[in-house]
Amino acid sequence: MAMTITEKILAAHAGKDHVAPGELLNVKIDLALGNDITAPVAIREFEKIGVSGVFDREKIALIPDHFVPNKDIKSAEQAKQMKDFAIKHDLALYFEVGRMGIEHCLLPEQGLVGPGDLVIGADSHTCTYGALGAFSTGIGSTDLAAAMALGETWLKVPESVKFIYEGTLPPWVGGKDLILHTIGRIGVDGALYRAMEFTGPAIESLSMDGRFTMCNMAVEAGAKNGIIAPDETTRAYVEGRSRRLYQFYASDEEAKYAAVYRYDVSRLEPQVAFPHLPENVRSVSAAGHITIDQAVIGSCTNGRLADLREAAGVLKDRKVHKNVRLIIFPGTQEIYRQALKEGLIETFIDAGAAVSTPTCGPCLGGHMGILAKGERAVATTNRNFTGRMGHPESEVYLSGPAVAAASAILGRIAHPQEVK
Amino acid sequence: MLLKGKAWKFGNDIDTDVIIPARYLNTSDPAELAKHCMEDADPGFSARIQPGDIIVAGKNFGCGSSREHAPIAIKAAGIACVIAPTFARIFYRNAFNIGLPICESAEAAGDIDAGNEVTVDLKTGIITNLTKNKTYRATPVPPFMQQIITAGGLINYVAERVKNHV
Ligand code: SF4
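Residues numbered from 1 in each chain as written. Chains lettered and ligands numbered in written order. Predicted model: local features only at pLDDT ≥ 70, side-chain atom pairs only at ≥ 80, totals over all residues. Heavy atoms only, no water.

### Considering the sheet that holds strand β11 (residues 259-264) of chain A
All names here are of chain A.
Move 1: A sheet is described by the order of its strands in space; here 4 strands give the open sequence β10-β9-β8-β11, paired in parallel fashion. The open sheet is flanked by β10 (225-227) and β11, the only strands paired with a single partner. Mean inter-strand twist for the sheet, computed between neighbouring axes without regard to direction, equals 20°.
Move 2: Examined bridge by bridge, strand β8 (residues 160-166) and strand β9 (residues 195-199) share 5 bridges and lie parallel to one another. Bridge assignment links I164 to a residue of β9, and that residue is T199.
Move 3: This element, helix α6 (residues 175-186), spans β8, β9 and β11 of the sheet and lies at about 125° to β11. (Pairing = 2+ DSSP bridges. Helix = DSSP H or I, 4+ residues; strand = E, 2+ residues; numbered from the N terminus. Axes fitted to C-alpha atoms, helices over the stretch in contact; angles between N-to-C directions. Contact = heavy atoms within 4.5 Å.)

### Focus: the domain arrangement of chain A
Residue and element names in this part refer to chain A.
Move 1: With domains assigned, chain A is organised as domain 1 (5-262) and domain 2 (274-418).
Move 2: Spacing between the C-alpha centres of domain 1 and domain 2 amounts to 24 Å.
Move 3: In this complex, domain 1 contributes 34 residues to the contact, which on the side of domain 2 involves 38 residues.
Move 4: Among the residues of domain 1 in contact with domain 2, I102, W172 and K176 are the three that bury the most area, contributing 24% of the side total.
Move 5: Counting the contacts that link domain 1 with domain 2 gives 1 salt bridge.
Move 6: A salt bridge links E220 to R383; its shortest N-O distance comes to 2.6 Å.
Move 7: The set of elements that each furnish at least two residues to the side of domain 1 that touches domain 2 consists of α4 (103-109), α6 and α8 (208-216).
Move 8: At 5 residues, α6 tops the list of elements feeding residues into the side of domain 1 that touches domain 2.
Move 9: Among the residues making up the side of domain 1 that touches domain 2, the classes are represented as 15 nonpolar, 12 polar and 7 charged. (Domains from an automatic or database assignment. Buried area = accessible area lost by both parts, 1.4 Å probe. Salt bridge = Lys/Arg side-chain N within 4 Å of Asp/Glu carboxyl O. Nonpolar A, V, L, I, M, F, W, Y, C, P; charged D, E, K, R; others polar.)

### Focus: the nonpolar core
Move 1: Core analysis: the biggest nonpolar cluster contains 126 residues, and F348 of chain A together with F61, I74 and F91 of chain B have the highest contact counts within it.
Move 2: Sequence-distant contacts of F91 of chain B, defined by excluding residues within four places in its chain, comprise I19, F61, G62, A70, P71, I74, L100 and I102 of chain B.
Move 3: By size, the runner-up hydrophobic cluster in this structure holds 63 residues, among which are F163, M196, V219 and M389 of chain A. (Core = buried A, V, L, I, M, F, W, Y, C linked by side-chain atoms within 4.5 Å. Buried < 20%, exposed > 50% of the residue type's maximum accessible area, 1.4 Å probe, protein only.)

### Observations regarding the packing of aromatic side chains
Move 1: Taken as a whole, this structure holds 19 aromatic pairs over all chains when the rule is applied.
Move 2: Aromatic side chains F61 of chain B and F87 of chain B sit 6.0 Å apart centroid to centroid with 80° between the ring planes, which places their arrangement in the edge-to-face category. Taken as a pair, F61 of chain B in the loop between β2 (54-56) and α4 (69-76) and F87 of chain B in the loop between β3 (81-84) and α5 (89-98) lie far apart in primary sequence, 26 residues in all. Pair check on accessibility: F61 of chain B and F87 of chain B agree, each one buried.
Move 3: In this structure an aromatic cluster arises from ring pairing among Y193 of chain A together with F61, F87, F91, Y92 and F96 of chain B.
Move 4: Above the face of the Y237 of chain A ring, R241 of chain A is positioned so that its terminal group lies 3.8 Å from the ring centre.
Move 5: In this structure, R282 of chain A packs its charged tip against the face of F274 of chain A, placed 3.9 Å from the ring centre. (Phe/Tyr/Trp six-rings, centres within 6.5 Å; stacked < 30°, edge-to-face > 60°. Lys NZ or Arg CZ within 6 Å of the ring centre and 35° of its normal.)

### Some remarks on the interface of chain B and chain A
Move 1: Tallying the contact residues gives 41 residues for chain B and 50 residues for chain A.
Move 2: Taken together, the two surfaces of chain B and chain A that pack against each other cover about 3800 Å², and 58% of this comes from carbon and sulfur.
Move 3: It is N26, R89 and R93 of chain B in chain B that bury the most area against chain A; as a group they hold 20% of the surface buried on that side.
Move 4: Here chain B and chain A share 4 salt bridges between them.
Move 5: Across the pair R93 of chain B and D143 of chain A runs a salt bridge whose closest N-O atoms are separated by 2.7 Å.
Move 6: Counting every contact that joins chain B to chain A gives 20 residue pairs in polar contact (both at pLDDT 80 or more).
Move 7: Of all elements in the fold, only α1 (16-19), α4, α5, α7 (143-151) and α8 (154-165) of chain B reach the threshold of two or more residues within the side of chain B that touches chain A. (Polar contact = N/O pair within 3.5 Å; in protein donor to acceptor, adjacent residues only side chain to side chain.)

### Brief notes about the pattern of salt bridges
Move 1: Scanning the model with the defined rule gives 34 salt bridges over all chains in all.
Move 2: Within this structure, D111, D113, K132 and K134 of chain B form a network of salt bridges that share partners.

### A word on the sheet that holds strand β6 (residues 135-138) of chain A
Residue and element names in this part refer to chain A.
Move 1: Spatial strand order, β4-β3-β2-β5-β6: 5 strands in an open sheet with parallel pairing. Strands with a single pairing partner mark the edges of an open sheet, and in this sheet they are β4 (93-94) and β6.
Move 2: Sheet topology places strand β2 (residues 31-35) next to strand β3 (residues 60-63); 4 bridges connect them, and they run parallel. By the bridge assignment, A32 is partnered in β3 with I60.

### Structural notes on the pairing of β6 of chain A
When a strand is regular, its side chains alternate between the sheet's two faces.
All names here are of chain A.
Move 1: Here β6 shows a buried face lined by F135 and T137 and a second buried face lined by S136 and G138.
Move 2: Here strand β5 (residues 118-121) runs beside β6; their pairing, made up of 4 bridges, is parallel. When the sheet's bridge partners are listed, G121 is paired in β6 with G138.

Spelled out as structure tokens, the structure:
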């Protein structure tokens, strides 16, 4: 029986030859993830289960990234609960400030997730690792607690939806624009409970960093997971990096899809999602005159090296508009270091930007760049919900790094080509 | 179990940032979270509701973050049940795991008005609008998830399993 890549990975982890959409499975997990907001709740629930320890000290990653470096006393208490748990159970994958990164940038970079893996995380953007050809999905804290005890979880096999991107990407158009365009077409529940499989020539030519950006936002269309079949680009990324054996899966020719969407992206413009839903997408040239107070470049969506290079390309020898704060967040310490070496950080500082240590920071309205009432930001993050970055009457516009950088220079939402 | 309460209406795509904004996520204390439940959609909501009241919302309720703080805040605020045509998948899972009853019914979500008296029979999935004298049927809950409900949430279910294996 023909299967999709998602079905094959689920079947392999359930010890079955074949699975079909709708089937409920008990699956073994390769990695379970929690952060400083979700892990404390999971730990509280874990203690109630009555097991003496975790299922495998090397398969649980706890990453403080949301409110760290600790923004206040309560956040410090939460981070400490997680750290204490990691010490008590001698967890191999706890990352302290100074060695950490935003979870969805850090785990692939460190080779802790790889092709063919099954990963669950108490964070909705766990779907990011689908870019490597893994099945990964977000769950809640109670599910994480059960997974830490048992090493398995239950999952329903999702129907798959195939997205085929034809054509060649124009300049300044990347993974963020592809995914925003897609969400703009199908809506924030357009792939509810389903697997989004991204294919086609434009995906094949996309860098790993661009692929991470796309799979990261699958959840913004309601999907269970986003996935891209691994290829030579994937192999080049995981070789010498992966700490486990990995396996490449691909969908069968005759695999069944609930729907197939086909987009020609040859003439796609950079995309911008207007408040307060990621589906309110327009081409940047149709944005109109939107002045901004803040631009944010970073996050698990666009905080990787390719994103920083793209932003630096626009900002080089230019200045941030006098009315704008530009805040840049490298995704991990390694990305930060590489950006330093390449002179990107210097470009940012010369332009008048603030550069932060890796943290989720303003992405979820945590700290390090909260918006006041009535303020407007353009951000390379993934959500523009009401109050997401601060005051309930502030606004967030989502874009890729080039548009965010150009907007920071011009003080309004702008196409990178407008920067003279 | 028969739930009975007054309906509070919300629109489509109510996200978890609206249900419980991140600025309150430096605690996971249910009583503290309850105070800010739905604050950015309807300030003062949690102070106005009566224990046992019911949220009736549009499609894709609970979209966004995986924060379990969202169903915890709703439950701790005293809301007995959420009715919507569809739920975002992580929210759906979390609600069952922590024991917040939810019902999928497009018909009920569309027809119930704010302030209507509503009953929900969780066993049969029958929703009754006492004000309008109408009944609606919720999508049946898969048998496996019924086991979780019967056990009183996922943790009890898992603890039970662990006990029997050891
Ligand atoms: S960067 Fe933003 S979206 Fe990503 S994990 Fe952190 S808070 Fe969530």
